[in-house]
Amino acid sequence: MIWLISANGKMYDHAGSFAHYGSIDWRQGNSKYSIGDIVYIYCTSPIQRVRYKCRVTAIDKNSSEIRDDKDYWINKEEYEKSLDGKFLNLELIEEVDSEKLSLPFLQEHGLKAAPQGPIKVNEALESYISSIFSTANDEFFPETIESSPEIFEGIKKQVSVNKYERSSIARAKCIEAHGHSCKICNFSFEEIYGELGKDFIHVHHITPIHSIGKNYKIDYVNDLIPVCTNCHAMLHRQINGKYLTIQELIKLIS
Ligand SMILES: [Zn+2]
Ligand SMILES: [Zn+2]
């Protein structure tokens, strides 16, 4: 089953919680979810877009069985109230921030109105939403780089690190802090390609893989840096079995 549910950012910090835990224990209500269902999350005003694609990994949990995420509740009264009910666990698959998932576009593809409670998504709308999810982050993250980390013990962690490189929200925060030029070679896509290259830059996650634990919390400014596609590719290649650090790569090309 495919669901569309709504998230009120005035009540709970969904972006922060997903970035911290990778999943959220969600109030289940009366809907009949099954493990494996796909759930898209529509963020209510002022965002008014579908931003998250998730998978149901657990249902019917009591408040005693879920993690304590009180810090992410903005409305503490609602937090207290929520503890009576049942919860499902939503594991984040991907997040995007695309105008094509805003309310007018969704309505053009069959959504009747901004979702309030959970809605079962029909095939036409689901194929539209999933097509946006599968392409929205691609231009910033070509397949060559995605598949380059070699198979090794930390492969799962590598994947979770790259999650931040693919996330449009993480990207936006990194670029806001560091600008659009490559931090390694100083290349600016806009300077060379003009309008065509405007806003284009990759984002690389620099936190060492071994330090990515279950409770890892991303620091958007210090853990991510903007890099051009060439430097990014080089950061994901190994020499003598090791990845180069930012400083090492800067030194190599200077
Ligand atoms: Zn560069
Ligand atoms: Zn990278």
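Analysis parameters
- Residues numbered from 1 in each chain as written.
- Chains lettered and ligands numbered in written order.
- Predicted model: local features only at pLDDT ≥ 70, side-chain atom pairs only at ≥ 80, totals over all residues.
- Helix = DSSP H or I, 4+ residues; strand = E, 2+ residues; numbered from the N terminus.
- Buried ≥ 20, exposed ≤ 12 C-beta atoms within 10 Å, placed from the backbone.
- Pairing = 2+ DSSP bridges.
- Contact = placed C-beta atoms within 7 Å.
- Axes fitted to C-alpha atoms, helices over the stretch in contact; angles between N-to-C directions.
- Core = buried A, V, L, I, M, F, W, Y, C linked by C-beta atoms within 7 Å.
- Domains from an automatic or database assignment.

*Asks:* How would you explain the overall build of the protein chain if you had to name every residue and give the values?
*Replies:* Within the protein chain, the regular secondary structure consists of ten helices and ten strands. The buried share among the 254 residues of the protein chain stands at 24%.

*Asks:* Kindly report on the sheet that holds strand β2 (residues 23-27), identifying the contributing residues and their values.
*Replies:* One open sheet holds the six strands; their spatial order is β2-β5-β4-β3-β1-β6, and the pairing between them is mixed. The two strands at the open ends of the sheet, each matched to only one other strand, are β2 and β6 (119-120). Examined bridge by bridge, strand β1 (residues 2-7) and β6 share two bridges and lie antiparallel to one another. For Trp3, the partnering residue across the bridge sits in β6 and is Lys120. Sheet contacts for helix α1 (residues 14-21): β1, β2, β4 (49-61) and β5 (87-95); angle to β2, the most-contacted strand, approximately 130°.

*Asks:* Give a detailed account of the nonpolar core, specifying residues and quantitative values.
*Replies:* Core analysis: the biggest nonpolar cluster contains 42 residues, and Val39, Tyr40 and Ile41 have the highest contact counts within it. There are two domains that each give this core at least three residues, and those are domain 1 (2-136) and domain 2 (139-253). In this view, Tyr40 contacts Trp3, Leu4, Val50, Tyr52, Lys53, Val121 and Ile129; residues no more than four positions away in its chain are not counted.

*Asks:* Mind laying out unusual backbone geometry, listing which residues take part and the relevant values?
*Replies:* The step from Ser45 to Pro46 runs through a cis peptide bond, and the omega angle for that step is 10°. Along the chain, the position of Pro46 falls in the loop between β3 (38-43) and β4. At Asp60, a residue that is not glycine, the phi angle is positive and equals roughly 55°. Its place among the elements puts Asp60 in strand β4.

*Asks:* Which residues make up the environment of Ser6, and what are the values?
*Replies:* Within the element layout of this structure, Ser6 appears in strand β1. We classify Ser6 as partly exposed; it has 15 C-beta atoms within 10 Å.

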